[in-house]
Amino acid sequence: MNPSVDALRATLGSAIGRVGESCGDTIVYVAAERLRDVLGWLRDTPGEAYDYLVDITAVEYRDRERPLEVVYSLRSLARGAELRVKVELDPRGELMLDSVVPLWQGANWLEREVYDMFGVSFRGHPDLRRILMWETYAEGYPLRKDFPLRGRFSRAEQVRQALAANPEAHYSLDELSIAAAAADLPTDMQERLRRGERGTLPHSE
Amino acid sequence: MTRRTVELELATPGVDAQGHPVRVPLGAAGPAATAPAGTAEAGDAPPFPEQHMLINLGPQHPATHGVLRLVVELEGEMVVRVIPNVGYLHSGFEKLGEYRHYNQIIPLTDRTDYLSPMANNVGFALAAERLMGIEITPRCTVLRVIACEMSRVISHMVWLGTTAIDLGAFTPFLWAFQERERIYNLQEMWTGARLTTSVTRVGGMLADVPDGFGPGLRHFTETFPNTLDELDRVLTRNAVWVGRTQGIGALTAAEAINHSLSGPMLRASGVPYDLRRDKPYLDYDSYDFDVPVGEHGDVYDRYLVRLEECRQANRILAQALERLPDGPVNVADPRVILPAKSRAMNDMEAMIYHFKQVMEGVKAPVGEAYVGIENPKGELGTYLVSDGTAKPVRWRIRPPSFINLSALPKMAEGHLLSDLIAINASVDIVMGEVDR
């Protein structure tokens, strides 16, 4: 059993649910509303130092009574320790969690993928759009268990929609909304762009 | 003999009389001219800076290494912003896996990162075996190491060749692909396939290596360093190569960790983390090899790391050939491994096992397992969740090049458009794996 579990329970007691173990990996269940506190604590506490986010994914079981789980795999590069943090969500209720992009930039696309495939929304995500399916995809969330293997629409309907789609629409500035975000760039980058400077090595003088 | 003059102006469109390219005013006409067709109705779109230009790169573009689409906002030649669009090759492998037995999933893993199929097979088999609690045989362990390192060589050779082409060098491409061809011949000898190898099974391998494989691989390991030396000589101190790669797309160690990068991308930024050494699987800790680590985290360091990894892979291959033990390849468990065809046809018990495995599949106990292996692209994770049936509830691939690619906007901002090509190449993406 991973010793981080006891430290978690001692510090954030009410947020920590049951603890499991499978194939040598420790699994901690965390209350959904305290998720970011727990992950932030695990990342920033010196003795824990889970600085590396391995993966974010979700699991829905074939048993309809079981909740949908969002799974965060953490690793401490220095200590070599691993911890799997899970959050349970009721698939009939609202699927909403706090985004962990403020903690790890690497979570950006991983959360988008969970949203795309399972329909879990992430509060505070900078750019929550579908990623593997196209943005106008209307058949639902493919990795949910109620989604049939061949898709919701008939083959004829899928063909009809593909033919009726207007791919040109995806090239509009409106949808890309690039220009609107130009002012949101980091100030150092705006400054660099104004001076017309190229990127520099992080360690060079 | 009189000298012939050529009227360049007439001969070549886009070139003036002095032979210089004609300058085309870019974006001077404002958003209506710079925006692509079909946006006339976007009347109240936000004002696009007049001096900026929007470029659509891909999905059909040779420098995007597959069907990746990059929407690039340029100011002059400088990249202000990149928006990658992926998903054009989405095949729904993870969904398909929920409807298949564990052994039937292995052919799907070939098709994710199709430049290192054997390593993907190994990654999946290891996860399934951890889930089922199967200990593989010593010979199988060494054979899998050989499979992983052969994959590393071909993947890095393809990376080096295509990246060199992206940056204008054609010769290294030919040398690299010749080496890849030699590994492909060995793969074909072993598995019968050059690309879709499906070389592992849960609890063992598709087949033992055939006669002639060992000598063939030994010949490869003896001659491969020559090609590496040639590639080293033609690129490492080449002024064009150095100028195009040094200081481009640099990430610090902290940024690389924060973006969850893995593999050569992480190590080039100075983080000495290699799963083979830090979370050993397949007895990798008993091999003598070095983990190359970069310093600046730019495209050049990624190149150096990958080149050195080829040498180390070659060392591991030579050691694995030395120690390859005799003995069975598959575990002696008739519930997991199919009996020989002759026994299945003649022996009642063997036939029952054959029937049960083919019809019902191998059942895994309730639980879940995650195994990460050091693939050429980075950490390939396989996360399997079982509810006790023969088909997984969830088969998740942690795709290394998908996560590495997500750092592209960060790396490319502020660089030239031509550097974006170098940065994108340095990520080493395979769209089969990015989109799955």
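One can find the structure itself at the top, above this paragraph.
Residues numbered from 1 in each chain as written. Chains lettered and ligands numbered in written order. Predicted model: local features only at pLDDT ≥ 70, side-chain atom pairs only at ≥ 80, totals over all residues.

## Observations concerning the overall build of chain B
Stage number 1. Tallying secondary structure elements over chain B gives 19 helices and 8 strands in all.
Stage number 2. The burial tally for chain B puts 52% of its 436 residues in the buried class.
Stage number 3. A sequence separation of at least 24 residues applies to 67% of the contacts in chain B between residues at least 6 apart. (Helix = DSSP H or I, 4+ residues; strand = E, 2+ residues; numbered from the N terminus. Buried ≥ 20, exposed ≤ 12 C-beta atoms within 10 Å, placed from the backbone. Contact = placed C-beta atoms within 7 Å.)

## Quick word on the nonpolar core
Stage number 1. Val114(A), Ala128(B) and Ala147(B) are the most contacted members of the largest nonpolar core, which has 157 residues in total.
Stage number 2. Residue contributions to this core peak at 15 residues, all from helix 6 (residues 138-166) of chain B.
Stage number 3. If we ignore the near neighbours within four places in the chain, the residues touching Val114(A) are Ile56(A), Thr57(A), Ala58(A), Val70(A) and Val120(A). (Core = buried A, V, L, I, M, F, W, Y, C linked by C-beta atoms within 7 Å.)

## Topic: the sheet that holds strand 3 (residues 78-85) of chain B
Backbone hydrogen bonds are what pair the strands of a sheet, in a parallel or an antiparallel way.
Residues and elements named next belong to chain B.
Stage number 1. With antiparallel pairing, the 3 strands of this open sheet are ordered in space as 1-2-3. Unpaired on one side and paired on the other, strand 1 (52-57) and strand 3 mark the two borders of the sheet. The average undirected angle you get between the axes of adjacent strands in this sheet is 20°.
Stage number 2. Taken together, the 7 bridges between strand 2 (residues 69-75) and strand 3 define a ladder with antiparallel strand orientation. By the bridge assignment for strand 3, Arg 69 is matched with Asn 85. (Pairing = 2+ DSSP bridges. Axes fitted to C-alpha atoms, helices over the stretch in contact; angles between N-to-C directions.)

## Quick word on the sheet that holds strand 4 (residues 68-75) of chain A
Residues and elements named next belong to chain A.
Stage number 1. Strand order across the open sheet formed by 5 strands is 1-2-5-4-3, with mixed pairing between neighbours. At either end of the open sheet lies a strand with only one pairing partner, and these are strand 1 (16-22) and strand 3 (52-59). Averaged over all neighbouring strand pairs, the angle between strand axes comes to 20°, with direction disregarded.
Stage number 2. In this structure, strand 3 lies alongside strand 4, joined through 7 bridges in antiparallel fashion. By the bridge assignment, Asp 55 is partnered in strand 4 with Ser 73.

## Structural notes on unusual backbone geometry
Residue and element names in this part refer to chain A.
Stage number 1. At Cys 23, a position not held by glycine, the phi torsion is positive, near 50°.
Stage number 2. By the element assignment, Cys 23 lies in the loop between strand 1 and strand 2 (25-30).
Stage number 3. Owing to 16 C-beta atoms within 10 Å, Cys 23 belongs among the partly exposed residues under this scheme.

## Focus: the pairing of strand 8 (residues 394-398) of chain B
Residue and element names in this part refer to chain B.
Stage number 1. In terms of burial, strand 8 is a largely internal element, 5 of the 5 residues being buried.
Stage number 2. Taking every second residue as pointing to the same face, both faces of strand 8 are buried, with Arg 394, Arg 396 and Arg 398 on one and Trp 395 and Ile 397 on the other.
Stage number 3. As defined by bridge partners, strand 7 (residues 379-386) adjoins strand 8 across 5 bridges and the pair is classed as antiparallel. The residue of strand 8 that forms the bridge with Thr 382 is Ile 397.

## Some points on the environment of His90(B)
Stage number 1. On the secondary structure map, His90(B) appears in the loop between strand 3 and helix 3 (93-97).
Stage number 2. According to the C-beta neighbour criterion, His90(B) is partly exposed, with 18 such atoms within 10 Å.
Stage number 3. As a C-alpha pair, His90(B) and Glu433(B) span 343 residues in sequence and 8.9 Å in three-dimensional space.
Stage number 4. Setting aside residues no more than four positions away along its own chain, His90(B) makes contact with Leu132(A), Met133(A), Asp435(B) and Arg436(B).

## Some points on the pairing of strand 3 of chain B
Stage number 1. Counted residue by residue, strand 3 of chain B has 6 buried out of 8 residues, so it is predominantly covered.
Stage number 2. Between strand 2 of chain B and strand 3 of chain B, which pair antiparallel and follow one another directly, the connecting turn spans 2 residues, one of which, Gly76(B), has a positive phi of 65°.

## Considering the packing of helix 6 of chain B against helix 7 (residues 171-191) of chain B
All names here are of chain B.
Stage number 1. Contact geometry of helix 6 with helix 7 gives a least axis separation of 8 Å together with a crossing angle of 155°. In terms of axis orientation, helix 6 runs roughly antiparallel to helix 7. Helix 7 is crossed by helix 6, and the crossing has left-handed handedness. Between helix 6, through Met 150, Val 153, Ile 154, Met 157, Val 158, Leu 160, Gly 161, Ala 164 and Ile 165, and helix 7, the contact on the second element is made entirely by Pro 172, Phe 173, Ala 176, Phe 177, Glu 179, Arg 180, Ile 183, Tyr 184, Leu 186 and Gln 187.
Stage number 2. Of the residues that constitute the contact of helix 6 with helix 7, the class distribution is 15 nonpolar, 2 polar and 2 charged. (Parallel < 35°, antiparallel > 145°, perpendicular 65-115°, else oblique. Left-handed = near helix turned anticlockwise from the far one by under 90°. Nonpolar A, V, L, I, M, F, W, Y, C, P; charged D, E, K, R; others polar.)

All quantities given are derived from atomic positions and should not be read as evidence of function.
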